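Single-letter residue listing:
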Protein chains: 2
Amino acid sequence: MTVIDIPADSLFGIGNLPYGSFSTPGTAPRIGVRVADKVVDLALALDDDVFARPVLNDFMARGPREWSRVRARITELVRGEIDADAVHDVADVMMHLPIAVADYVDFYASEHHATNLGRLFRPDSAPLMPNWKHLPVGYHGRAGTVIPSGTDIVRPCGQRKAPTEPAPSFGPSRRLDIEAELGFVVGVPSAPGTVITPDEFADHVFGAVVVNDWSARDIQAWEYVPLGPFLGKSFATSISPWVVPLAALEAARVDTPVQDPEPLPYLRGTEKWGLDIDLTVEWNGQIVSRPPYAQMYWSPAQMLAHTSVNGATARTGDLFASGTISGPEPDQRGAFIELTWGGAEPVEVAGETRTFLQDGDEVAIAATAPGPEGSRIGFGEVRARILPATQVG
Amino acid sequence: MTVIDIPADSLFGIGNLPYGSFSTPGTAPRIGVRVADKVVDLALALDDDVFARPVLNDFMARGPREWSRVRARITELVRGEIDADAVHDVADVMMHLPIAVADYVDFYASEHHATNLGRLFRPDSAPLMPNWKHLPVGYHGRAGTVIPSGTDIVRPCGQRKAPTEPAPSFGPSRRLDIEAELGFVVGVPSAPGTVITPDEFADHVFGAVVVNDWSARDIQAWEYVPLGPFLGKSFATSISPWVVPLAALEAARVDTPVQDPEPLPYLRGTEKWGLDIDLTVEWNGQIVSRPPYAQMYWSPAQMLAHTSVNGATARTGDLFASGTISGPEPDQRGAFIELTWGGAEPVEVAGETRTFLQDGDEVAIAATAPGPEGSRIGFGEVRARILPATQVG
C-alpha cells in the first residue's frame, strides 16, 4: 500500500481529479485519474471494469449520479492508502486519446477573436456578422482527426491562392496557425426529439479539455466561402490528455459578459456557465499569450443548447470546442494570425522572429482555474511539434 | 432449399447485389444482400460471423479482394439453391442503418445546383465562387444524425430572420427542403500521413447509397456566414438502406463533364469516376424531378482525394455525399428551393400547390444505373414523411 503525497500547491489536488487514458510499457490503454504527480489505475483501485477500457465513453454514459459517486470514492481512496500496484508516476506513463469522439463541433464564441478574424479575412465588411450576437456560430469539424497531445503535426498541403495570385497553387501551408480553445465532452446522450436547455448542461456534459484546433490559414481563406472551413482545419485537432470533470470547475463558474441583445429564450438559463479559466500559449518555450476564458461571449451551456435546438441528438463522446479564446488585449490572443495581425506584425519568440509556425516549432497550451478553498486546479497541457510537409508542391 | 426467381427486368438482379442491415420480427439486425424481392441472410448463407453484425463496417474494412471474393460467392449461391431459412421476402423485413457513420462530409459538386443556390442566396454577387472550379467545395456534417430511410422527420425549429425582419425569431422552419444526393461509403481506412489519389478510389470506397440531406433553408440562410451550414442541416440526413457496391457500377462509369480550368495534379486521375446514375424525386407520390448524376462536375474520386490531401485520415464508415444533384433543366433540380426558385414559383404536386415541405408530406428519392449486359440496377429509395414540429415558436 502507498500514500500519495499531494503538495498544497499541486494543480492536481483533491479538488481536481481529472480522468485520462494511460498505459505503462507493454500494457493496454486504460482509465486513470491524475493526483499530484501520480496516475491511479482505476480499474485496479476501484475494481470496476468500465475503467479497464481504453476510453472514457462507457463511464461517461453512466451519468452525473455515477460520476459523483465515483468522484467521492476516488477522493476517499486518495486520502487513504492505495494498492501500490495501482499508482504510477506520471513520468512513467504514456497518455492516449481519452475519448472516442462521436461528433466534433467547433464554435466561434469569443467576440474579440471573431472581430479580429473578421477584420483580417473580410477587411471590406463589418467584422462581426449580423448573426453573431444572436447565436453561437459553429460548424462541424472532423472527428476522426482529433488526436492526443504529444502527437506531431505534419504540415498540411493544400490549395491556396493569395488575392494577388491569378490561380491557386498546391503545396505546404505557409500560414500554419494554432487556435487555443477549451473543449467540452458529452457524457449523457439526448433522447431523439428532445432538446437540451442551458440549465441541463451538467446533466449531459462530463468535463473539459484544452484544445489546439490547428488551422492552415491560407488553405482556409481560399476554401471557406460559402460552406465554411474544411481542409484548413481537418488535418488535426489536438486535445489535452486529462478530462477535468465539471465537478472540479464549481469555483470557476462565473457569469458570461453581458449579452446584448438578450438572446432568444432557448439560449437563456439561470445557471452560470461562464468559466474563469486562464490559458497560456507557449511557443518554443516562451509564453506569448494568456487567453482568458472568462471573456467568452457565449457559454458552453448555450453552445450545447443551440446544437440541440433543431432536434439533433447529442451522443456520448461528442466534443464541442469553444473556438479561439482571445481577450481584448494583444497579449491575450489565442491564435497567431491575431497575435501577428495576419503576419504583418511579426513577434519575437525565443530569440527568433515569427509570424506563423515554422517546421520544428513546438506549441503548448495549458490552462488553470480556481479550485476549492482558494486552491488552483490544472488542465495540464496540449503540446505538439510541427514536422515538415511530406509532399512537395 | 429454395431457388430465388429473378425476373429479367429486376433492378436487383445478379449484377447488383447490394448489402443492407435487416431484421425480421424478434431478431437482431444483421447483414443481408438484396436479390430480386428477397433478402438473403448472409451470416446464415455464407457462415461468416462478420455478417451477423448490425452494420457493414467490419466487412467493409476487409478491403476489395475480400469484397470481390464474397461477391463471387454470393453470385454462385443465388444462381443455385439456398437454405430456405436464409431467404426472406423483402416485404417481411425491417431495414436499418447499414453503416456506423464515422465522419460525414457533404460536397457541393453540381455546377447547376451551386449556380442556382448562389443566385438565390447571394443575388448581388457572382453565383459561383472563385474557388468552385478549382476544388470540390465541401464541409463536415453531423454523423450522429444520419438515419435510415423510413424514419419520420420532425420539422426542426431554430432561429431564422428574413432580410426584411429587424431581428431573428425562433420557431419551426418555414422553408423545409430536400437535397437529392448520392453518398459514398469508405471501407478501407487510409494510413496516417498518406493521401488517397483519384485512381485509388476503388481501393477505399465500398459502395454508394441515395441520400436526402434535409435542409431548413431559413435556418441555414441566417446562420451560414461565415462558418457554413450547421443547424440548417444537422437535424437529419436520410440514407437508403441498400449499399450498392462499386463492382455493380462498372457499366455506369463515365467521364465527368469537361473540367475547365484543368484541376491541380492531385485532383487528376486516369480512371473514369463520373457515374451515369438517374435519380427520381417523388413528392407525395408524384415525380417532380429527375436529377442526372452524370452531370456532376466533380467525381467522387476527386472528392475523396481532396478530403485526404491535407493528410486527414479516412476511416471505415466515413460517408461523403455529392451535394444536391441538379441538371441544367428545371425538371432536373434536386432541391425544392431550386425547383420553386426560392418559393417564388410554386409547383403543383399531386393536385396541391407547394413551395417547401408541408407537414404530412412524403418524399422518396430513388436511383437506377446501367448494369451488366444492358440490364439496369436499382439503389432502391430513401423515403420519409414530415411530422409537425414538437416545439412552439
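Residues numbered from 1 in each chain as written. Chains lettered and ligands numbered in written order. Predicted model: local features only at pLDDT ≥ 70, side-chain atom pairs only at ≥ 80, totals over all residues. Heavy atoms only, no water.

### Section: the UniProt feature "binding site: Mg(2+)" (unreviewed entry) in chain A
Residues and elements named next belong to chain A. Under the UniProt annotation, "binding site: Mg(2+)" (unreviewed entry) lies at Asp213, Lys233 and Thr237. Spanning 25 residues, the named residues form one tight spatial group whose C-alpha atoms are at most 7.7 Å apart. Here Asp213 lies in the loop between β14 (205-212) and β15 (215-216). Leave out the neighbours within four places in its chain, and Asp213 touches Tyr104, Asp106, Tyr139, Ile178, Glu179, Glu181, Lys233 and Thr237. There is a polar contact of 3.4 Å between the side chain of Asp213 and the side chain of Tyr104. By secondary structure assignment, the location of Thr237 is in strand β16 (residues 237-239). In this view, Thr237 contacts Tyr104, Thr145, Val146, Ile147, Val211, Asn212, Asp213 and Trp214; residues no more than four positions away in its chain are not counted. (UniProt positions renumbered as here; feature names shortened; annotations may be inferred. Helix = DSSP H or I, 4+ residues; strand = E, 2+ residues; numbered from the N terminus. Contact = heavy atoms within 4.5 Å. Polar contact = N/O pair within 3.5 Å; in protein donor to acceptor, adjacent residues only side chain to side chain.)

### Quick notes on helix α3 (residues 64-79) of chain A
Taking 1.5 Å per residue, 16 residues should reach 22 Å; α3 of chain A reaches 22 Å between its end C-alpha atoms and fits that length. Every buried residue of α3 of chain A is listed here: Glu66, Trp67, Val70, Arg71, Ile74, Thr75, Leu77 and Val78 of chain A. (Expected span 1.5 Å × (residues − 1). Buried < 20%, exposed > 50% of the residue type's maximum accessible area, 1.4 Å probe, protein only.)

### A closer look at the pattern of salt bridges
A full pass over the atoms with the stated rule returns 50 salt bridges over all chains. With a shortest N-O distance of 2.7 Å, Asp41 of chain A and Arg30 of chain A are connected by a salt bridge. Taken together, the residues span a long stretch of sequence, with Asp41 of chain A in strand β3 (residues 38-41) and Arg30 of chain A in strand β2 (residues 30-35) at a distance of eleven residues. Accessibility assignment for this pair places Asp41 of chain A and Arg30 of chain A in one class, buried. A salt bridge links Asp177 of chain B to Arg217 of chain B; its shortest N-O distance comes to 2.8 Å. Of this pair, Asp177 of chain B sits in strand β12 (residues 176-177) while Arg217 of chain B sits in helix α6 (residues 217-223), placing them 40 residues apart in sequence. What you see here is one network of salt bridges that share partners, running through Asp177, Glu179, Asp213, Arg217 and Lys233 of chain A. (Salt bridge = Lys/Arg side-chain N within 4 Å of Asp/Glu carboxyl O.)

### Points about the UniProt feature "active site" (unreviewed entry) in chain A
Residue and element names in this part refer to chain A. Per the UniProt annotation, the sites labelled "active site" (unreviewed entry) are His113. Among the structural elements, His113 can be located in helix α4 (residues 111-121). The residues contacting His113, other than those within four sequence positions of it, are Tyr108, Glu179, Thr324, Ser326, Ala335 and Glu338. At a separation of 3.4 Å, a polar atom in the side chain of His113 contacts the side chain of Thr324.

### Examining the relation of the copies chain A and chain B
Between chain A and chain B, which share one sequence, the superposing operator has a rotation angle of 180° and an axial displacement of 0.0 Å; the RMSD is 0.0 Å. What the superposition gives is, in effect, a two-fold axis relating one chain to the other. Within chain A, Gly228 of chain A has its C-alpha nearest the rotation axis, a separation of 2.0 Å. Residue by residue, 100% of the interface of chain A is reproduced at the interface of chain B, so both copies engage with the same surface. (Least-squares fit on C-alpha atoms with pLDDT ≥ 70 in both.)

### Points about the interface of chain A and chain B
The interface is formed by 53 residues belonging to chain A together with 53 residues belonging to chain B. It is Arg142, Leu227 and Phe230 of chain A that lose the most area in chain A upon contact with chain B, and together they represent 16% of the buried surface on that side. Summed over the shared surface of chain A and chain B, the result is two salt bridges. Salt-bridge contacts for Arg142 of chain A lead to Asp318 of chain B; the nearest nitrogen and oxygen are separated by 3.1 Å. At the boundary of chain A with chain B, the tally comes to 24 residue pairs in polar contact (both at pLDDT 80 or more). The greatest single-element share of the side of chain A that touches chain B, amounting to four residues, is contributed by strand β7 (residues 138-141) of chain A. Residue composition of the side of chain A that touches chain B, grouped by class: 29 nonpolar, 18 polar and six charged. (Buried area = accessible area lost by both parts, 1.4 Å probe. Nonpolar A, V, L, I, M, F, W, Y, C, P; charged D, E, K, R; others polar.)

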